[in-house]
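# Descriptive structure summary
Take a look at the letters that make up each chain.
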Amino acid sequence: MEDDDPYEGAVSLSQRAMMGATQARAAAYLDKLNPEQRQAVETLDGPVLMLAGAGTGKTSALTARIAHLIHTGRARPNEILAVTFTNKAAREMKERVGRHLGGAIEGMPWLGTFHSVCVKLLRRHAELVGLKSNFTILDTDDQIRLMKQLIVVANMDEKRWPARQLAGLIDGWKNKALTPERVSGRETAAFDNRGSELYAAYQDRLKTLNAVDFGDLLLHMVTIFQTHADVLAQYQRWFRYILVDEYQDTNVAQYLWLRLLAQGHKNICCVGDDDQSIYGWRGAEVGNILKFEKDFPGAAVIRLEQNYRSTEHILAAASGLIAANEGRLGKELWTEAEGGEKVRLIGHWDGEEEARWIGEEIEANQRGTRSRAPVSLNNQAILVRASHQMRAFEDRFLTIGLPYRVIGGPRFYERLEIRDAMAYFRLVTSPEDDLAFERIINTPKRGLGDKAQQRIQIAARENGLSLLDGAKLLVAEGALSGKAGGQLRLFVENITRWHDEIAQASPATAVTRAEDDDLLIEPAEDGVAPANDLSHVRLAERILEESGYVEMWQNDKTPEAPGRLENLKELVKALEQFDNLQGFLEHVALIMDNDKSETEEKVSIMTLHAAKGLEFPVVFLPGWEDGLFPSQRSMDESGLKGLEEERRLAYVGITRAEALCTISFAGNRRVYGQWQSQMPSRFIDELPPAHVEVQTPPGLYGGGMNGGGFSAGAGSATMEDRVSRADVYNSPGWRRLQSAQSRGISQPREARHMTIDASGESDYEIGDRVFHKKFGYGEVMGSEGDKLVVEFDKAGEKRLLASFVVPAADADDVPF
DNA sequence: ATGGGGACAGTTTTT
DNA sequence: CTGTCCCCAT
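Residues numbered from 1 in each chain as written. Chains lettered and ligands numbered in written order. Predicted model: local features only at pLDDT ≥ 70, side-chain atom pairs only at ≥ 80, totals over all residues. Heavy atoms only, no water.

## Topic: the packing of helix 5 (residues 114–125) against helix 11 (residues 229–238)
- Where helix 5 contacts helix 11, the axes come no closer than 13 Å and their chain directions differ by 140°. By the angle between their directions, the pair helix 5 and helix 11 is classed as oblique. Along this stretch, helix 5 crosses helix 11, giving a crossing that reads as right-handed. Touching Leu121, Arg124 and His125 of helix 5 are Val231, Gln234 and Tyr235, all from helix 11.
- For the contact of helix 5 with helix 11, the class distribution of residues is 3 nonpolar, 2 polar and 1 charged. (Axes fitted to C-alpha atoms, helices over the stretch in contact; angles between N-to-C directions. Helix = DSSP H or I, 4+ residues; strand = E, 2+ residues; numbered from the N terminus. Parallel < 35°, antiparallel > 145°, perpendicular 65-115°, else oblique. Left-handed = near helix turned anticlockwise from the far one by under 90°. Contact = heavy atoms within 4.5 Å. Nonpolar A, V, L, I, M, F, W, Y, C, P; charged D, E, K, R; others polar.)

Here is the structure:
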C-alpha cells in the first residue's frame, strides 16, 4: 500500500468490502484450469510471457490471474494495469474477472484498451505536453481535413501528395513513437522531403486546437514518461502488476509505454501468440513478443498448447501450414478430442460458382445431412482475405434469400451522420471547437459555401477568435448580406442558445467530476447529485431537429437515408447512459461500437482480420488463390515478411473452425471488371495432405464427367491419392512449377482439372484453336510468362493460363 | 453554391 | 467494374 497516497482510505473501504465478499468463494476460478494455465495464473512475481495458442483458454487464464492477484491480496484492483486492444476484449475481461470474484467488480479503473487508459492518464498530465485536460480526440476525418489544409498552406500539389498518404505516414511515425524531431534518416525523404516538416506543423496545429489524434494518446504519454521522471515513478510504483493481452500486436509506442511502466515492480505478464500476429501492416511488431525474454531477463515462459476448440484434423492442418514460417517461438496445438472431419479443399470454376456452392453447403448444413447434425446459421461463417470478396457472397445470398450478416463494416461512430451529429454536440459543448464548426457550418446546406467560410476564417484569424466567435463578429457587423447573412445569424444564435442551456442544466460540474477510478485523482465532491433528469438527451434531440439536420435526411431520397435516421435515434438513445453531453463526448470516441445484439439466425461474413478471437463450428475459407491470398500487395511491399504474415492469417482462419473447415479457390475471378485466371494459393500446397480431403463439386472437375480421362473419384478422395496421381501439390506449387518451366507454350491441356489433374501434357502452338468456358472459341496468339495469349472470337484478346482452355476439338468435354 | 460528370484508384483496421 | 473525389458548368 502506498503510504504517500492521500486518498488511500477512501478506496480501501470499498476494497475491503469486496475482499470480504470474495473470501468465501475460495478460489473457484482455479479449479477449471489445466496445469499450464494454472502455472500462468500462479506465477505472479516477475515477468511472465504466456504463449497462448488459438483456442487454448487464454482469456480464462488471464482473468483468473487477475482474480488471483486480487484474491491473494497481492494487489488491489486499482493497482493492476490490464490493457487490451479492443473494447470488446476489455469488456469481456471485466465481466469475467467480476464473475470470478463474485460480481460487482467496479474497482478496476485501469483495465481497458491502450487508448482508453492513455486518455485517462493524458487528461491528468495534459499540461506537460502543452494541452488542456479537456482536449478533444480527432477522428480520421478531422485529421485528413486538417492535413489537407496544411498541404495547401505548404504550397504542395494535393493531387500528387494526398492528405491520406501523409496521414498514413504520420500515423506510422507515431506508431514508432517518433516525434517530429526524431524523424530521421531516410524517413526524412518521405512526402517530397517535407514529411517531418508537415508532421511538425500538424502537431502544432493540434496543440492550438487542443486536440489529439489516436496515435498521440500513446505518443504523448511516452513523451511524458520519458521527460518527467517523477510522473513516471509515480505510476511505476502504483501499478504493481501489469497484464497485456495480444502482445504480438503491440507497436513500438505501446512497447515503450509498457516497458517504462514495468520497470517499477517488473511484474508484467504478456499474453500473446506470435503465430497470430496479423497487424504488422499497421505498425505491430512481432519482434516485441519474440524478444520478450531479452527485454525482461528471467522471464517465465509458459505455453498454452492444449486446444479446446477444434478437431485434430483442423489443428494439424493449421500446424502444418504455420510450420513453414521461420522465427517462431515454437508451439504446437494439441487436443484430447479425437476424430472429426478433415479439412475440405475444393476448386471452383469462378468466384460466382464458389459463392453458389458455399451457399448450398450452408443451407445443407442448416438442414442437417446424413453425416452431419444440423448447424444453425449463427454457427457458420465465411472468412475472406479482402472485403471486396464479400460481394459475391452477398449477391448470391440475397438471390437465394439466405440471411447473412457482415461483421466489421463501418463502425457506428464512423458513419457520416453520427460524425455530423457529434460535431453539433461538440460545438455546442465547446464553442471553440473549430473542426466541429467547419464540419457542420454548411450541413445541412445553408448557403454558406467556400466564400462565406473564407470570410469567417479571416475574421477569426485576424481577431484571434474561434470560428464561431468570428462568425458572431461577422453577424454583428452585418458583414454578410442576404440569405447567407440570415442563415449565419440563425446558426450562431442556435449554437449559442444550446450552449447556454447546457450551462444552466448542469452548472459547472461534469468535466472535472472525478470518476471512482483510482487513487491518484481527487475524490468526487460530495453532494453533487448525478444529473439523472436526462435533459441532455432532450437537448440533443432538439439540436438535431432545430438545426435542420434531421430534416435534411428526411428529405433525402436515397435508400440509405432511413438507416441514417435510425442511427441518429440510436445515438440519442446512447446518450441516456451518460450524465451529460460532455461525459458522452469524452468517452464516445473510444468506446462506441457496433455490437448490435441481433437475434435472427444469420451466417456471418467477415474478413480474416475481423475473425481473430472468434470461433465457429463451421468455417468457409474461400478465395485461396495466389495474389488474392496470399495478397500480392503484401508480398510486393513486404516480401518474405509479408508472406509470413499472410500465412499467419491463413493459420488464424483455419483455427477459427471447431468442427468443419472448408478451403476453396476459384480458377477464374473478375478483378476490377477484368476476368483473370487464378492460381491456387501456395498455402494449399503447404497443407499436410493427411489432414485434407480434396473434394470435387458436383458437375465440375470430376464427379460424373464423361471423357475426363482421370479418376472420377466422385465426390472426394484423400489428398494422398491425388498427389500420387497428379503431383500437382508438389511444393513449391503449381504456379512455380509452371512458370519455371514455361519454355514457351507448354501447359497441361486439361482445362477443367485445375490442380486436380495436371497430367496429359500437350503443347499449344500459335494458331491452335482453343475453347474457354466463359470466352468461347479463340486462337492462340502466343505466350507471355506462364500465360497464353488467346484472341477470342467474341471476347477479344486475353491472357490466361493454358489450363483454362482446352483444344477446340475437346470443347464438348467442358461441363456447361 | 451546388450537383453532375469525368478522372482515378482499387488489402487487411482498432482506437 | 465499382465507388470516390474534384472540377467545372449551371
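There is more to say, and it comes next.
## Some words on the protein's contact with DNA strand B
- Residues in contact with DNA strand B amount to 30 residues; listed here are only the nearest, Arg385, Ser387, Arg411, Thr607 and Ser634.
- Sugar and phosphate atoms represent 53% of those atoms of DNA strand B found within 4 Å of the protein.
- One of the side-chain N or O atoms of arginine 385 is found 2.9 Å from a base oxygen in DNA strand B.
- A distance of 3.2 Å is found between a phosphate oxygen of DNA strand B and a backbone nitrogen or oxygen belonging to aspartate 450. (Near = heavy atom within 4 Å. Polar contact = N/O pair within 3.5 Å; in protein donor to acceptor, adjacent residues only side chain to side chain.)

## Focus: the packing of helix 6 (residues 140–153) against helix 7 (residues 163–175)
- It is the contact of helix 6 with helix 7, at a shortest axis distance of 9 Å, that shows an interaxial angle of 110°. Relative to helix 7, the element helix 6 lies roughly perpendicular. Taken together, the residues of helix 7 that come into contact with helix 6 (itself represented by Ile144, Met147, Lys148 and Ile151) are Ala163, Arg164, Leu166, Ala167 and Ile170.
- Tallied by class, residues from the contact of helix 6 with helix 7 come to 7 nonpolar, no polar and 2 charged.

## Quick notes on the nonpolar core
- Formed by 75 residues in total, the largest nonpolar core has its most connected members in Phe225 and Trp257.
- The biggest single contributor to this core is helix 12 (residues 252–262), with 8 residues.
- Those residues in contact with tryptophan 257, other than ones at most four positions away along the chain, are Leu81, Val83, Phe114, Val117, Cys118, Leu121, Leu218, Met221, Val222 and Phe225.
- Residues Phe425, Ala452, Leu565 and Ala574 belong to the second largest nonpolar core, which totals 51 residues. (Core = buried A, V, L, I, M, F, W, Y, C linked by side-chain atoms within 4.5 Å. Buried < 20%, exposed > 50% of the residue type's maximum accessible area, 1.4 Å probe, protein only.)

## Looking at the environment of phenylalanine 296
- Considering the arrangement of structural elements, one finds phenylalanine 296 in the loop between helix 14 (292–295) and strand 8 (300–304).
- Residue classification places phenylalanine 296 among the buried residues on the basis of a relative accessible area of 5%.
- For the pair formed by phenylalanine 296 and alanine 262, sequence separation is 34 residues and the distance between their alpha carbons is 9.4 Å.
- Residues contacting phenylalanine 296, with those up to four places away along its chain left out, are Pro47, Arg259, Ala262, Gln263 and Ile268.

## Observations regarding the confidence of the model for chain A
- Confidence in the prediction of chain A, expressed as mean pLDDT, is 81, and 80% of residues score 70 or more.
- Confidence drops under a pLDDT of 50 for residues 508–519, and excluding neighbours within four residues, the segment shows 27 contacts in the predicted structure.
- Per-residue pLDDT stays below 50 along residues 521–531; that stretch engages in 12 contacts with residues further than four places along the chain or on separate chains. (pLDDT = per-residue confidence, 0-100.)

## Focus on the state of the cysteines
- Under the counting rule described, the total for this entry stands at 0 disulfides.
- Considering cysteine sulfurs only, cysteine 269 is the nearest to cysteine 270, which forms no disulfide, with 6.9 Å between them.
- In this structure cysteine 270 comes out as buried when scored by relative accessible area, which is 0%. (Disulfide = S-S within 2.5 Å.)

## Looking at the protein's contact with DNA strand C
- In the vicinity of DNA strand C, the contacting residues are Lys148, Arg391, Tyr672 and Gly673.
- Backbone atoms, meaning sugar and phosphate, form 40% of the atoms of DNA strand C found within 4 Å of the protein.
- The side chain of lysine 148 places a nitrogen or oxygen atom 3.4 Å from a phosphate oxygen of DNA strand C.
- Of the residues that constitute the surface near DNA strand C, the class distribution is 1 nonpolar, 1 polar and 2 charged.

## Thoughts on the pattern of salt bridges
- Per the counting criterion, the structure on display carries 44 salt bridges.
- One salt bridge connects glutamate 360 with arginine 356, and the closest N-O pair in it is separated by 3.5 Å. One end of the pair, glutamate 360, and the other, arginine 356, are both in helix 16 (residues 351–367), 4 residues apart, so they sit about a helical turn from each other.
- Here the salt bridges share partners, and the residues they tie into one network are Lys58, Asp245, Glu246, Asp249 and Lys612. (Salt bridge = Lys/Arg side-chain N within 4 Å of Asp/Glu carboxyl O.)

## Side note on the packing of aromatic side chains
- Going through the model one piece at a time under the given rule, you end up with 19 aromatic pairs.
- Summarising the aromatic geometry, the rings of phenylalanine 225 and tyrosine 235 are spaced 6.1 Å apart at their centres and angled 55° between planes, so their arrangement reads as tilted. Of this pair, phenylalanine 225 sits in helix 10 (residues 214–227) while tyrosine 235 sits in helix 11; the two residues are 10 residues apart in sequence, bridging distant segments of the chain.
- Its relative accessible area of 1% is what places phenylalanine 225 among the buried residues.
- By relative accessible area, tyrosine 235 is classed as buried at 0%.
- Aromatic pair tyrosine 247 and phenylalanine 292: ring centres 5.8 Å apart, planes at 85°, arrangement edge-to-face. Pair noted here: tyrosine 247 is in the loop between strand 6 (241–244) and helix 12 and phenylalanine 292 is in helix 14, with a separation of 45 residues, a long-range link.
- Its relative accessible area of 1% is what places tyrosine 247 among the buried residues.
- Of the aromatic side chains, those joined through ring pairs into one cluster are Trp110, Phe225, Tyr235 and Phe239.
- The residue whose ring lies beneath arginine 123 is phenylalanine 135, and the NZ or CZ to ring-centre distance is 4.2 Å.
- Above the ring of tyrosine 279, the side-chain terminus of arginine 282 is found at 3.7 Å from the ring centroid. (Phe/Tyr/Trp six-rings, centres within 6.5 Å; stacked < 30°, edge-to-face > 60°. Lys NZ or Arg CZ within 6 Å of the ring centre and 35° of its normal.)

## Description of the UniProt feature "binding site: ATP" (unreviewed entry) in chain A
- Residues annotated in UniProt with the feature "binding site: ATP" (unreviewed entry) correspond here to Ala52, Gly53, Ala54, Gly55, Thr56, Gly57, Lys58 and Thr59.
- Following the sequence through the fold, alanine 52 ends up in strand 1 (residues 48–52).
- Apart from residues lying up to four places away in sequence, alanine 52 is in contact with Lys58, Val271, Gly272, Asp273, Gln276 and Leu304.
- Note that threonine 59 resides in helix 3 (residues 58–71).
- Of the residues examined, threonine 59 reaches a relative accessible area of 19% and is grouped as buried.
- When near neighbours in sequence (up to four residues on either side) are disregarded, threonine 59 contacts Glu92, Met93 and Arg96. (UniProt positions renumbered as here; feature names shortened; annotations may be inferred.)

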